[in-house]
Amino acid sequence: NGETRVKDGTLAVYHRNGIPSSGALTVEHGSKLRAYTNLAVGSMTLPGTLQLDPGTSITSSGAVDVSDATINLSTWTNTLTQTKYTLITGTAVTVASATNQPTLSSPITNYSLAIDGNSLVLQKDSGSTAYDATFSSWASNAGQSSLAMTNDADRSEEHTSELQSRQYLVCRLL
């Protein structure tokens, strides 16, 4: 019937056509699907573990239930550069209830799982890095300084244009 069921073990898929693309895929509790390549499936139920290599994803032509799923992205930690990665896409990605949310097998600093429309994504948490906070702080301080300079009537036109030059801005950044 084209159904693939992973029960009591691990199914490793190395080739895109390694499982039927029109059939249902079920990964039961205590079992694992290890995808080394992008996969296409008919529908998917994932109460077990899904381990994806960096840049790989699963596309479903049907509904996807990720209730209680564990997502293992341990090999991704040194490759994360984007703000969002699509892990699973389907006609509808659902979770049975708020207590059945999918989880990461091990936390990834500054990233979390989320359902975004018809996709399960790994996304960067907003305002999570020290660099972002430092830049925001600097940007707001620079904005206050600019306002103070433009409101200061004692500055000459020559001095004001010098402060607005690229050289001055580069020096401020350094």
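Anything mentioned here points back to the structure above.
The present account deals with the structure reproduced in this document.

What counts, and at which threshold
Residues numbered from 1 in each chain as written. Predicted model: local features only at pLDDT ≥ 70, side-chain atom pairs only at ≥ 80, totals over all residues. Heavy atoms only, no water. Pairing = 2+ DSSP bridges. Helix = DSSP H or I, 4+ residues; strand = E, 2+ residues; numbered from the N terminus. Axes fitted to C-alpha atoms, helices over the stretch in contact; angles between N-to-C directions.

### Considering the sheet that holds strand β1 (residues 4-6)
Paired through backbone hydrogen bonds, the strands of a sheet run either parallel or antiparallel to each other.
Logical step 1: With parallel pairing, the five strands of this open sheet are ordered in space as β1-β3-β6-β9-β12. Among the strands making up the open sheet, the edge pair consists of β1 and β12 (92-94). Strand-to-strand twist in this sheet, taken as the mean axis angle between neighbours without regard to direction, amounts to 10°.
Logical step 2: With two bridges connecting them, strand β6 (residues 43-45) and strand β9 (residues 63-65) associate as parallel partners. Residue Met44 lies in a different strand from β9, and its bridge partner there is Val64.

### With respect to the pairing of strand β14 (residues 111-116)
Working note: regular strand, side chains alternate between the two faces of the sheet.
Logical step 1: With six bridges connecting them, β14 and strand β15 (residues 119-124) associate as antiparallel partners. Bridging from a neighbouring strand, Leu113 pairs with Leu122 of β15.
Logical step 2: Counting the residues that bridge the hairpin from β14 to β15 gives two residues, and of these Gly117 lies at a positive phi of roughly 65°.

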